[in-house]
Amino acid sequence: MALSGISRVRRQLPTSPWLFAVPGLLVTGAFVLYPFVSTLVNSFTDRRTLIPGRFVGLANFRELLHDDMFWIGLRNSTLYVLGVVPLLVVLPLLLALLVQKNIPGITFFRSAFYTPVVASIVVVGLIWVWLLDDRGLVNAMLETVGAGRVGFLSDQWLLLMSAMAVTVWKGLGYYMIIYLAALGNVPRELHEAAAVDGAGAVRRFLSVTVPAVRSTMVLVGALSSVAAFKVFSEVYLLAGPGGGPAGEDTTLVMLVQRTGTGLTGRVGYASALSVVVFAVTVALMLLVLRADRKEES
């Protein structure tokens, strides 16, 4: 009896890991796979919020090519990537080098730099609106010193750059932690050998630190590229639902939200926009990885 029970357990063991994976697979299927497939299917229909819709083939994607707001959103999302990603790759690394030293009080500064990461984006957005509004604190200080008001939230390009500043400020602490983990694995002997050879701080940074954390820089570049291209909250909070003056600061994700919501929302067209956003983000990650592999080879 005992031997038969053991053999029965052994026969069941190969399938038992799947029992532990079932809850995670169900959650992934319900909240990731099903929405993805549903969005892909809807992109080929003219579905609306309360109307099932019918198959229209590539009509939604052809309409994108003639939609001025789509090109505005694509332009702004691309500019956002170009403006934000280089800063989020370099500045957190410099910040990590600054706070990695174990000196008295450094824990306070690490916590201070990380605080924006855990702060609610809505609260952060309201704070920056209060600072940059035409009657906000920054313009009040400019008037105090005799300078005129600056339309941070009323000028098309200043508003976009202000949103970029919020993204960089909020993301510094997050990527700083990633760099701190990578810097902890850099052998101290490399810095000591470079110092013996007469290399200064800048030379050691370029010749020792950067090559040692290059894979981490690629990771940060990929993560920040995807996040920047899918930006929504920062621009939405600073520019409002309309996307700034005449909608000129609308991003692609804002356009998806505006098009696909409401009782008359064009779900099919918004799904086509979402598919384009997904395709571009995947392409961005592949480009970053391809550039890294070329550099390694």
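Residues numbered from 1 in each chain as written. Predicted model: local features only at pLDDT ≥ 70, side-chain atom pairs only at ≥ 80, totals over all residues. Heavy atoms only, no water.

Asks: Is there a simple way to think about the overall build of the protein in this case?
Replies: Per the secondary structure count, the protein includes 14 helices and 0 strands. Listing the helices and strands of the protein from first to last along the sequence gives α-α-α-α-α-α-α-α-α-α-α-α-α-α. The C-alpha radius of gyration of the protein comes to 25 Å, more than 25% above the 19 Å expected for a compact globule of 297 residues. Each principal axis of the C-alpha atoms in the protein carries an extent, and together these give about 75 × 65 × 40 Å. Residues counted as buried form 35% of the 297 residues belonging to the protein. Within the protein, contacts between residues separated by at least 24 positions form 68% of all contacts whose residues are at least 6 apart in sequence. For the protein, the exposed area adds up to about 17,600 Å²; of that, 69% sits on carbon and sulfur atoms. In the protein, 23 side chains carry a positive charge and 17 a negative one; their mean positions are 12 Å apart. (Helix = DSSP H or I, 4+ residues; strand = E, 2+ residues; numbered from the N terminus. Rg over C-alpha atoms; globule rule 2.2 N^0.38 Å. Buried < 20%, exposed > 50% of the residue type's maximum accessible area, 1.4 Å probe, protein only. Contact = heavy atoms within 4.5 Å. Areas by Shrake-Rupley, 256 points an atom, 1.4 Å probe, with all protein chains shown as cover. Lys, Arg positive; Asp, Glu negative; His and termini not counted. Charge placed at Lys NZ, Arg CZ, Asp CG, Glu CD.)

Asks: Before we go on, may I ask you to explain the pattern of salt bridges in this structure?
Replies: Between side chains of opposite charge, pairing is possible as soon as their charged atoms come close. In the structure shown here, the tally under the stated rule is 4 salt bridges. Linking R266 and E63 is a salt bridge whose minimum nitrogen-to-oxygen distance equals 2.9 Å. Here the residue R266 occupies a position in the loop between α13 (252-260) and α14 (267-296), and E63 occupies one in helix α3 (residues 59-65), the gap between them amounting to 203 residues. (Salt bridge = Lys/Arg side-chain N within 4 Å of Asp/Glu carboxyl O.)

Asks: I'm lost on unusual backbone geometry in this one. Help?
Replies: Working note: non-glycine residues mostly have negative phi, and peptide bonds are mostly trans. Located in the positive-phi region is A246, a residue other than glycine, with phi close to 60°. Structurally, A246 is set in the loop between α12 (233-239) and α13. Judged by relative accessible area, A246 falls into the exposed class, the value being 74%.

Asks: Even after reading the chapter, I still don't get a nonpolar patch on the surface, so can you show me in this structure?
Replies: A grouping of F36, V37, L40, V41, F278, V282, L286 and L289 is seen on the molecular surface, where their side chains present a nonpolar patch of about 680 Å² in accessible area. Where the nonpolar patch is concerned, the elements lending two or more residues are α2 (16-42) and α14. Take F278: it is sitting in helix α14. Accessibility expressed as a relative area gives 43% for F278, which makes it partly exposed. (Patch = residues over 30% accessible without salt bridge, like charges linked within 9 Å, V, L, I, M, F, W, Y side chains within 5 Å.)

Asks: Can you help me understand the side chain of Q156 in this one?
Replies: Within the fold, Q156 resides in helix α8 (residues 156-183). For Q156, a relative accessible area of 17% puts it in the buried group. Residues within four places of Q156 in sequence aside, it is in contact with R75, P245, E248 and D249.

Asks: For this particular structure, what's the right way to read the packing of aromatic side chains?
Replies: To describe a pair of aromatic rings, one takes the distance between the centres and the angle between the planes. Under the criterion given, the structure shown has 7 aromatic pairs. Here F108 and F109 contribute two aromatic rings whose centre-to-centre distance is 5.5 Å and whose plane-to-plane angle is 75°, an arrangement assigned as edge-to-face. On the accessibility criterion, F108 (60% relative accessible area) is exposed. According to the relative accessible area criterion, F109 is partly exposed, its value standing at 44%. For the pair F232 and Y236, a centre-to-centre distance of 5.0 Å together with 25° between the ring planes defines the contact as stacked. With relative accessibility at 27%, the residue Y236 sits in the partly exposed group. (Phe/Tyr/Trp six-rings, centres within 6.5 Å; stacked < 30°, edge-to-face > 60°.)

Asks: Can you help me understand the nonpolar core in this one?
Replies: Note that soluble globular proteins tend to have their nonpolar side chains buried in a common cluster. The biggest cluster of nonpolar side chains holds 59 residues, and the ones touching the most others in it are L64, F70 and Y80. When residues of this core are assigned to their parent elements, the largest contribution, 14 residues, is made by α8. What L64 contacts, discounting residues up to four positions off in sequence, is F70, W71, Y269, A272, L273 and V276. (Core = buried A, V, L, I, M, F, W, Y, C linked by side-chain atoms within 4.5 Å.)

Asks: Just to check I follow, could you spell out the environment of Y175 for this structure?
Replies: Locating Y175 in the fold gives a position in helix α8. The class for Y175 is buried, based on a relative accessible area of 6%. With 70 residues separating them in the primary sequence, Y175 and G105 have C-alpha atoms 21 Å apart. Sequence-distant contacts of Y175, that is, excluding residues within four places in its chain, are made with L88, P92, V220, L223 and S224.

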